[in-house]
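Given next are the chains, with one letter for each unit.
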Amino acid sequence: MCGIVGYVGDNNVYDILIKGLHRLEYRGYDSAGIALANPSGKINIYKSQGKVSNLEDFCKDKNLEAKSGIAHTRWATHGEPSDNNAHPHFSEDGNLALVHNGTIENYQVIKDALIEQGCTFQSETDTEVLVQLIEYIKIKNNCNLLDAVREALKQVVGAYAIAVIEKDNPDRIIAARNSSPLAVGIGDNETFLASDATPFIEYTKDAVYLKDGEIAIIEKGEPLKIVTLENKESKVDITTLEMSISQLEKGGYDHFMLKEIFEQPTTLRDCIRGRVINNGCNIMLSGVMDSKEKFLNAKRIVIVACGTSWHAALLGKYLIQDNCKIPVEVEYASEFRYSNPILDERDIVIAISQSGETADTLAAVKIAKDMGAYVYGISNVVGSSIPRETHSGTYIHVGPEIGVASTKAFTGQVMVLTLLSLSIAQIKKTMPYEKICELGKAIIKIPSIVQRVLKLNDKIEKLSMKYTYAKNFLYLGRGYSYPVALEGALKLKEISYIHAEGYPAAEMKHGPIALIDAEMPSVIIAPMDHVYEKIVSNVQQVKARGGSIIAIVNEGDEIISKMADHVLEVPEMPECLTPIITSIPLQLLSYYIAINKGKDVDMPRNLAKSVTVE
Ligand code: F6R
């Protein structure tokens, strides 16, 4: 999704902005642009469709002299990806340049009114409407830029993070947010602005996350000032970042996705650290302890999420129902928000989001809060919007996930949901102490078991060659392996562009079985659990129709192994802990198939890491 970078200071801004844009590439984009506030009183804008490297090529012979500026990666919402629609956008007289992340819902009404006043437009974007509106107000009211921005934002309906610079004031950026993220990095005599902290982490660890309705005034030689739309001064709340620059680099791997798959023993260890104590017999999530009464009295839990996080949510349902005996419903956040949900103060809503910024999930959180439900967040990005909006919650602590396809965040989310269910089970006494100890001990072993599973890498790489040109895939699982099948299918389709469907294995005979033939491989997730025997008959049904089978089974499996064309063996685990283990081979399979097809696995087409628009 769109990314914003800004800088005011004493250094060459071009290099800082370009490096920052590269750091934000993981969010997904289709064009990039830069506005440099030249000290001679001119703003130079350079834009290019495609990669940030295209923009760099375009800028080679341009005037890049400037000490402040703003830059942007665009993910098209209004108007096709093109040089023209790329940001920054100039105001009509070239006095202002603006970048924007989000969508202005009433842009057409504003545009029509501005056209009536004689304004002309160069692009199809809602963003250009905003910069023209700011300029129009500035001239009409004869006011300064800050007042014009405040006034314009009061007229705007929608989500935005914006940054504006002005020709006559080259050392100042005015930035504002509503529902789209924006962080300010405070350095020594220099200030940074970005959609998240990754572009400035190598320069400063002091960050300020803007809140909805806040405007930051970033000016050279001045301390950061934040005001509201009503011009009331807000507190500048500085957070010390824990992220390091090495976490943002590939560390010898060809792709971030592969690095992140291989990081999972470490990330899972980090996720468990301090939460599974007393040799596995005490499982403590501070978020649950803080909300003990709420969890003890909850009549229902509703989990909201999107995409991969929704698959983790489905696993959360199995975990919480099995371990805590509380009824759980799982909803796509995008459906939940428009479904007239019925909630009250005895409901707990859990919102799961890696980025903590997904617009639909954030909207669901706000609705749930307004209806009186207690809202618990599970997120990865410290300081992001969802953790700030929720009553309490848990971070998954897996470090920055750069690859667009979620891998380590998924296993981190499932791990936190497992710990959450056991933590609640402990306080509600819905599980015998011995059972909690048994699971706690097994959880402690998960990082080393994942390490073992990763040894399947070479076998999976070889196997992937056979299936690189398959046109369709079916992923089948039952019980805890059903959400794993959904996640395996999503992973394959998003990075290899092969059509793949995940299904509950028994449901296959009600329709998808018609698709099975020698051309249609099925990936069957069948660890030794209480539905193992049931899935054996599903495997027979696929075999009988000539379909080839890749089976994920436990070491020593004797039945499905004999029926499958390819077998990937993983160690046996207690049933509720199998998803973390069985999802690893599926991540690797998708990765290698996509690589064989020459696809850009870290930045798949049309996808964004952080979906901050509806
Ligand atoms: C898939 C993927 C997406 C995200 C979804 C929600 O690999 O990454 O499906 O899971 O966009 O994102 P978050 O978890 O940031 O809310």
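Residues numbered from 1 in each chain as written. Predicted model: local features only at pLDDT ≥ 70, side-chain atom pairs only at ≥ 80, totals over all residues. Heavy atoms only, no water.

Engineer: Could you give an account of the overall build of the chain, naming the residues involved and the relevant values?
Structural biologist: Within the chain one finds 20 helices and 27 strands. The C-alpha atoms of the chain give a radius of gyration of 25 Å, which matches the 25 Å a tight globule of 614 residues would have. Dimensions of the chain, computed from C-alpha atoms along their principal axes, come out at roughly 80 × 55 × 45 Å. Among the 614 residues that make up the chain, the fraction classed as buried is 61%. A fraction of 71% describes how many contacts in the chain between residues 6 or more apart in sequence connect residues 24 or more apart. (Helix = DSSP H or I, 4+ residues; strand = E, 2+ residues; numbered from the N terminus. Rg over C-alpha atoms; globule rule 2.2 N^0.38 Å. Buried < 20%, exposed > 50% of the residue type's maximum accessible area, 1.4 Å probe, protein only. Contact = heavy atoms within 4.5 Å.)

Engineer: Which residues make up the pattern of salt bridges, and what are the values?
Structural biologist: Applying the stated criterion across every chain yields a total of 27 salt bridges. A salt bridge links Asp237 to Lys235, with the nearest nitrogen and oxygen atoms 3.5 Å apart. Relative accessible area serves as the criterion here: at 40%, Asp237 is assigned to the partly exposed category. Between Lys299 and Asp347 there is a salt bridge, with its nearest N and O atoms 3.4 Å apart. Here Lys299 is found in the loop between α9 (292-297) and β18 (300-305), whereas its partner Asp347 is found in strand β20 (residues 347-353), with 48 residues between them in sequence. Of the residues examined, Lys299 reaches a relative accessible area of 36% and is grouped as partly exposed. Bridged by salt links that share partners, the residues Lys299, Arg300, Glu329, Asp344 and Asp347 form one connected network. (Salt bridge = Lys/Arg side-chain N within 4 Å of Asp/Glu carboxyl O.)

Engineer: Give me the lowdown on the layout of surface pockets, citing residues and values where you can.
Structural biologist: Its volume calculated, the largest pocket comes out at about 750 Å³. Surrounding the largest pocket, 33 residues form its lining, Met243, Asn380, Val382, Gly399 and Pro400 being those nearest its centre. For the lining of the largest pocket, the secondary structure elements donating two or more residues are β15 (239-240) and α7 (264-272). Top contributing element to the lining of the largest pocket by residue count: α7, with three residues. Taken as a whole, the second largest pocket encloses approximately 630 Å³ of empty space. Every residue lining the second largest pocket is counted, 35 residues in all, and those nearest its centre are Cys306, Gly307, Thr308, Ala608 and Val611. Those elements that provide at least two residues to the lining of the second largest pocket are α10 (307-324), β20, α12 (359-370), α17 (481-496) and β24 (499-504). (1 Å grid on protein atoms, 1.4 Å probe; cavity = no way out; pocket = protein on both sides within 12 Å on 5 of 7 lines; lining within 4 Å. Points joined across faces, edges and corners; volume = space filled by probe spheres on them.)

Engineer: Which residues make up the site of the ligand, and what are the values?
Structural biologist: Every one of the 14 residues lining the ligand counts as a neighbour, but Ser309, Ser353, Ser355, Thr358 and Glu494 are closest to it. Note that an oxygen atom of the ligand is positioned 2.6 Å from one of the side-chain N or O atoms of Ser353. Within the backbone of Val404, a nitrogen or oxygen atom sits 3.4 Å from an oxygen atom of the ligand. Surface burial for the ligand is 90%, taken as the share of its 410 Å² of free accessible area covered by protein chains. Of the pockets mapped on this structure, the ligand occupies the second largest pocket. Those elements that place two or more of their residues in the shell around the ligand are α10 and α17. (Near = heavy atom within 4 Å. Polar contact = N/O pair within 3.5 Å; in protein donor to acceptor, adjacent residues only side chain to side chain. Areas by Shrake-Rupley, 256 points an atom, 1.4 Å probe, with all protein chains shown as cover. Sits in = over half its atoms within 2 Å of the grid points.)

Engineer: Explain the state of the cysteines to me, using residue names and the numbers behind them.
Structural biologist: Counted according to the given criterion, the structure contains one disulfide. Cys119 carries a free sulfur, and the closest cysteine sulfur to it, the one in Cys143, is 15 Å from it. Of all cysteine sulfurs in the structure, the one in Cys324 sits closest to Cys576, which takes part in no disulfide; the separation is 10 Å. (Disulfide = S-S within 2.5 Å.)

Engineer: Tell me what's going on with the pairing of β18, and back it up with residues and numbers.
Structural biologist: Within β18, six of the six residues are buried, which leaves it mostly tucked inside the rest of the structure. The side-chain alternation of β18 yields two buried faces, one formed by Arg300, Val302 and Val304 and the other by Ile301, Ile303 and Ala305. For β18 and β20, the ladder comprises five bridges, and the chain directions are parallel. In the strand pairing of β20, Ile301 is matched with Ile348. Two elements, β18 and strand β19 (residues 328-332), share five bridges in a ladder whose sense is parallel. Paired with Ile301 across the two strands is Val328, which belongs to β19. Traced from β18 through α10 to β19, the parallel crossover comes out right-handed. (Pairing = 2+ DSSP bridges. Right-handed = clockwise from strand over helix to strand, strands pointing away.)

Engineer: Tell me about the sheet that holds strand β9 (residues 183-186), residues and numbers included.
Structural biologist: Ordered in space as β3-β2-β4-β1-β10-β9-β11-β15, the eight strands form an open sheet in which the pairing is antiparallel. Because the sheet does not close on itself, it has two edges, and the strands there are β3 (42-49) and β15. The pairing of β9 with strand β11 (residues 206-209) spans three bridges and is classified as antiparallel. Looking at the pairing, Ala183 lines up with Tyr209 of β11. Docked against the sheet, helix α1 (residues 13-23) engages β1 (3-8), β2 (31-38), β4 (68-74) and β10 (191-194), running at close to 160 degrees with respect to β2. Packed onto the sheet, helix α2 (residues 52-59) meets β2, β3 and β4 and runs at close to 130 degrees relative to β3. (Axes fitted to C-alpha atoms, helices over the stretch in contact; angles between N-to-C directions.)

Engineer: For the sheet that holds strand β26 (residues 549-554), give the residues involved together with the corresponding values.
Structural biologist: In spatial order, the strands read β24-β23-β25-β26-β27; together these five strands make up an open sheet with parallel pairing. Because the sheet does not close on itself, it has two edges, and the strands there are β24 and β27 (566-570). The average undirected angle you get between the axes of adjacent strands in this sheet is 15 degrees. In terms of strand pairing, strand β23 (residues 472-477) meets β24 through six bridges, oriented parallel.

This is a description of form; function is not addressed.
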